[in-house]
Amino acid sequence: MTRQPCQHQKETDGIVLVTGGSRGIGAATATLLAGQGHKVVIVDILPEPLEEAAIMLWPEAFDVSNEAAVTSGIAAIEAAHGPISGLVNAAGIFGKMHPVEKVRMENWDREINIDLRGTFLVARNVGERMARRKHGAIVNVASVAGMTSGPIHAYTAAKAGVIQITQTLAAEWGRAGVRVNAVSPGFTRTAALEAGIASGALSRERLVRNAAMNRLVEPVEVAQAIAWLLSPASSGITGVNLPVDAGFIAGSTWDAYGGLREAPSN
Ligand SMILES: NC(=O)c1ccc[n+]([C@@H]2O[C@H](COP(=O)([O-])OP(=O)(O)OC[C@H]3O[C@@H](n4cnc5c(N)ncnc54)[C@H](O)[C@@H]3O)[C@@H](O)[C@H]2O)c1
């Protein structure tokens, strides 16, 4: 007899590990999940505690792109806090904007190492453990940049790679009861993005102009999608990439037709 999914089975009844959890989307996700009653452990290359007292901070610097550190770190986290049944891969760095001839390969390597290799390393290490236990859910944070083009050459390639490995790992571990999905945030109002706007490298007006909803995404909105993809409410879903972008992808081609319409005034 084939096993039917059980709506009441809590897929995250172990701990939820959030990488890049000290800031931005990772921090918003850790806070939301802790508020829902999950046992949450955050790791970060610059570890800092969050306000929510229930969130456990892994005190050592955790670099997702360092294979030996990931292997020993995950083993130590499970020894200290118990099995990981939910993983959120939110650690990442933004791409530097350059014309193609100005791309410096040390920047290319850094972005690919953290955003793609780091996501794969943590997902593989934790996912193999989940597969042995036949239980778990993983959400990788990709980006609309991985679904479109832009002058952030290594970043777009890394994020497209994250969307691809999400499918591959979903197929790899589907029979072992492990689901693997991605979210692709649009421009999200984290401190990292606000710093880009404050420095003049990005313009808020340009960022929102092509979004159907004419605004940035809030970190908690990405967190809510991640929490849903970790939960049994999405028990039939694996291998998908869910944009959380205030309609950026839907709206970004309308410029060719004269732009998006303003809301009717009544
Ligand atoms: N903010 C946006 O507009 C946006 C849009 C699309 C995708 N994203 C993606 O969302 C994720 C989070 O971005 P954010 O905006 O919250 O950024 P952020 O800078 O606020 O948070 C990223 C966190 O990751 C940590 N980190 C960086 N390198 C690391 C490493 N090697 N190992 C472990 N931790 C590391 C940082 O210290 C930081 O705490 C990233 O993958 C980013 O690419 C963000």
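Preceding this paragraph is the structure being described.
A quick note: this is a predicted structure, and the numbers were derived from the prediction, not measured.

Rules and cut-offs
- Each chain has its residues counted from 1, following the order in which its sequence is written.
- Since the coordinates come from a predicted model, pLDDT governs what is reported: local features require at least 70, and pairs of side-chain atoms require 80 or more to be given and counted, while whole-chain, interface and lining totals use all residues.
- Think of the side-chain values as coming from all heavy atoms in the structure, minus any hydrogens and water.
- Within this scheme, the nonpolar core is defined by two criteria: the residues are buried Ala, Val, Leu, Ile, Met, Phe, Trp, Tyr or Cys, and they are joined through side-chain atoms within 4.5 Å.
- Partly exposed describes any residue whose relative accessible area lies between the buried limit of under 20% and the exposed limit of over 50%, with all areas from a 1.4 Å probe on protein chains only and scaled to the type maximum.
- Helix numbering and strand numbering both begin at the N terminus, where a helix is a DSSP run of H or I of at least 4 residues and a strand a DSSP run of E of at least 2.
- Should any heavy atoms of two residues lie within 4.5 Å, those residues are considered in contact.
- Within 6.5 Å between ring centres, the rings of Phe, Tyr and Trp (the latter by its six-membered ring) count as paired, and their orientation is classed by plane angle as stacked under 30 degrees, edge-to-face over 60, tilted in between.

### Points about the nonpolar core
1) Next: Residues Val 40, Val 88, Val 183, Ile 226 and Leu 230 are the most contacted members of the largest nonpolar core, which totals 29 residues.
2) Next: Of all the secondary-structure elements, those providing two or more residues to this core are β1 (15-19), α1 (24-35), β2 (39-43), β5 (136-141) and α7 (219-230).
3) Next: If we skip the residues at most four places from it in the chain, Val 40 touches Val 16, Val 18, Ala 30, Leu 33, Ala 34, Ala 54, Ile 55 and Met 56.

### Describing the packing of aromatic side chains
1) Next: Scanning all chains against the criterion turns up 2 aromatic pairs.
2) Next: Relative to Phe 248, the ring of Phe 187 has its centre 5.4 Å away and its plane inclined at 85°; by these criteria the two rings are edge-to-face. Taken as a pair, Phe 187 in the loop between β6 (178-185) and α5 (191-198) and Phe 248 in helix α8 (residues 248-251) lie far apart in primary sequence, 61 residues in all.
3) Next: Judged by its relative accessible area of 29%, Phe 187 is partly exposed.

### Side note on unusual backbone geometry
A negative phi angle characterises most non-glycine residues, just as the trans form characterises most peptide bonds.
1) Next: In this structure, Lys 134 takes a positive phi of about 60° despite not being glycine.
2) Next: Looking at where Lys 134 falls in the secondary structure, it is placed in the loop between α3 (105-133) and β5.
3) Next: Phi is positive for Ala 246, close to 50°, though the residue is something other than glycine.
4) Next: Here Ala 246 lies in the loop between β7 (241-244) and α8.
5) Next: The exposure class assigned to Ala 246 is buried, which follows from its relative accessible area of 9%.

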